[in-house]
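So you can see what is in the structure, the chains are spelled out below.
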Amino acid sequence: MGRPTRPRARLRVAAALTAAATPVVYGFFSTELGGIGPPDGSAVEIRVAEGLSSGDVARELEAAGLIGHAAIFDAYVRLNGAATSLKAGRYEIPRGAPYAYLLWALRSGAVATTPLTIPEGFSIPTIAERLAEYTGESAEAVEAYLTDPVRVSELDVPGPTLEGYIFPETYRFAEGVGVPAIVAAMVGRYHAFWGEEERAQAAALGLDEREIVTLASIVEKEVRHGEERAVVAGVYWNRIQRGMLLQADPTVHFALGEPRSRLLYRDIDAVADHPYNTYTQPGLPPGPIASPGAASLQAALRPAEHDYIFFVARNDGSHEFTRTLREHNAAISRIRLARDAER
């Protein structure tokens, strides 16, 4: 009998796995064993379904043009003890990525994510629309989830609803992540804002967490120029201390259920008994009217010290601040004249 020989395919795999090439740095990974294609910064999307074997995944990578030989990568995965550890999901793999990177990504579940931005000042209906567009669920279903009273205790917020506690920021989530997980992450980011220093500052003002967020939400809706946040917060703080009605237009818009391009006295009268109408109801409203960002929360915690109790918006969105009703009415007249002159 002749001398037994090993199959050529196995020889090729073994040779590839034991080749002693000089390593080239690819991020944190060696390219001793690498994918194919130039590392030009472009990426290839692949989807790994649940239940695929390492061989199946290797063939997906080969079909996508990321590796040259599925059998070699499969053997590499097995030699690293990862045959049953590859995670399902959607991946964006850089061209030319080495085997070490491919294995790390698939083993750790470093799936592709897409951004989701919740801007400052969004309220629950607009947040629901944004989440619906992102997840593919209906806006009605998302809003019903957000407004369910059980969310307040479930997510441990001061209430009275989730309004104001869905923290505005840009997030990234993997495909298939549902509304409950997304909302929990956003509220978790809100909780992260509150450290010992913030709670101590709220206590120094004599306000609780809900009251700070409520004041911050009004500031968020009023201000278009960031440098005015603390000044506007100071106006409302002065009014609170003097026992004056806040007379904050955004609270009336909230009570009406939709914003008006111009708030009229009949609009205020239409919701005179609404608890959020700060033209008729004393003090802060029962809860936030929108999601304030960190800057508005900080402004509410540290209102500017001054003696202004009025402000009116200029044509560019900035405000003129005044100390007396007489000064306030004069400012309104000047701004109206300027507005008419621009027409």
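Residues numbered from 1 in each chain as written. Predicted model: local features only at pLDDT ≥ 70, side-chain atom pairs only at ≥ 80, totals over all residues. Heavy atoms only, no water.

## Focus on the overall build of the chain
Argument step 1. Helix and strand counts for the chain stand at 15 helices and eight strands.
Argument step 2. Burial analysis of the chain (343 residues in total) assigns 41% to the buried set.
Argument step 3. Pairs at least 24 residues apart make up 62% of the contacts formed inside the chain by residues separated by at least 6 positions.
Argument step 4. Surface summary for the chain: the accessible area is close to 18,200 Å², and the carbon and sulfur share equals 52%. (Helix = DSSP H or I, 4+ residues; strand = E, 2+ residues; numbered from the N terminus. Buried < 20%, exposed > 50% of the residue type's maximum accessible area, 1.4 Å probe, protein only. Contact = heavy atoms within 4.5 Å. Areas by Shrake-Rupley, 256 points an atom, 1.4 Å probe, with all protein chains shown as cover.)

## Thoughts on the packing of helix 9 (residues 196–205) against helix 14 (residues 294–301)
Argument step 1. Where helix 9 meets helix 14, the axes come as close as 9 Å, and the angle between the chain directions of the two elements is 40°. Relative to helix 14, the element helix 9 lies oblique. On helix 14, the residues touching Glu198, Gln201, Ala202 and Leu205 of helix 9 are Gln298, Ala300 and Leu301.
Argument step 2. Among the residues making up the contact of helix 9 with helix 14, the classes are represented as four nonpolar, two polar and one charged. (Axes fitted to C-alpha atoms, helices over the stretch in contact; angles between N-to-C directions. Parallel < 35°, antiparallel > 145°, perpendicular 65-115°, else oblique. Nonpolar A, V, L, I, M, F, W, Y, C, P; charged D, E, K, R; others polar.)

## Overview of the confidence of the model for the chain
Argument step 1. Chain-level statistics for the chain give a pLDDT mean of 90 and a share of 88% at 70 or above.
Argument step 2. Contacts for the low-pLDDT stretch residues 1–31, under 50 throughout, to residues beyond four places or in other chains number 31 contacts. (pLDDT = per-residue confidence, 0-100.)

## What about the packing of aromatic side chains?
Given two aromatic rings, their pairing is described by the distance between the two centres and the angle made by the two planes.
Argument step 1. Under the counting rule described, the total for this entry stands at twelve aromatic pairs.
Argument step 2. Between tyrosine 171 and phenylalanine 173 the ring centres are 6.0 Å apart and the planes differ by 20°, which places this aromatic pair in the stacked class.
Argument step 3. By relative accessible area, which is 8% here, tyrosine 171 ends up buried.
Argument step 4. One aromatic cluster is present, built from ring pairs that chain together Tyr236, Tyr308, Phe311 and Phe321. (Phe/Tyr/Trp six-rings, centres within 6.5 Å; stacked < 30°, edge-to-face > 60°.)

## Some remarks on the side chain of serine 217
Argument step 1. When you line up the elements, serine 217 lands in helix 10 (residues 209–222).
Argument step 2. Here serine 217 is in contact with Pro288, Ile289, Ala290 and Pro292, once residues within four sequence places are set aside.

## Brief notes about the environment of arginine 239
Argument step 1. Tracing the sequence through the fold places arginine 239 in helix 11 (residues 229–242).
Argument step 2. For the pair arginine 239 and aspartate 307, spaced 68 residues apart in sequence, the C-alpha separation works out to 9.8 Å.
Argument step 3. Among residues more than four places away in sequence, those in contact with arginine 239 are Met244, Leu245, Leu246, Gln247, Ile309 and Phe310.

## With respect to unusual backbone geometry
Generally, phi is negative for residues other than glycine and the peptide bonds are trans, each holding for most cases.
Argument step 1. Residues glycine 159 and proline 160 are joined by a peptide bond in cis, for which omega reads 5°.
Argument step 2. Here proline 160 is to be found in the loop between helix 7 (150–154) and strand 6 (170–174).
Argument step 3. Phi angles above zero are rare outside glycine, and aspartate 156 is one such case at about 60°.
Argument step 4. With relative accessibility at 59%, the residue aspartate 156 sits in the exposed group.
Argument step 5. With a phi close to 50°, glutamine 247 is a non-glycine residue in the positive phi region.
Argument step 6. Note on placement: glutamine 247 falls in the loop between helix 11 and helix 12 (249–256).

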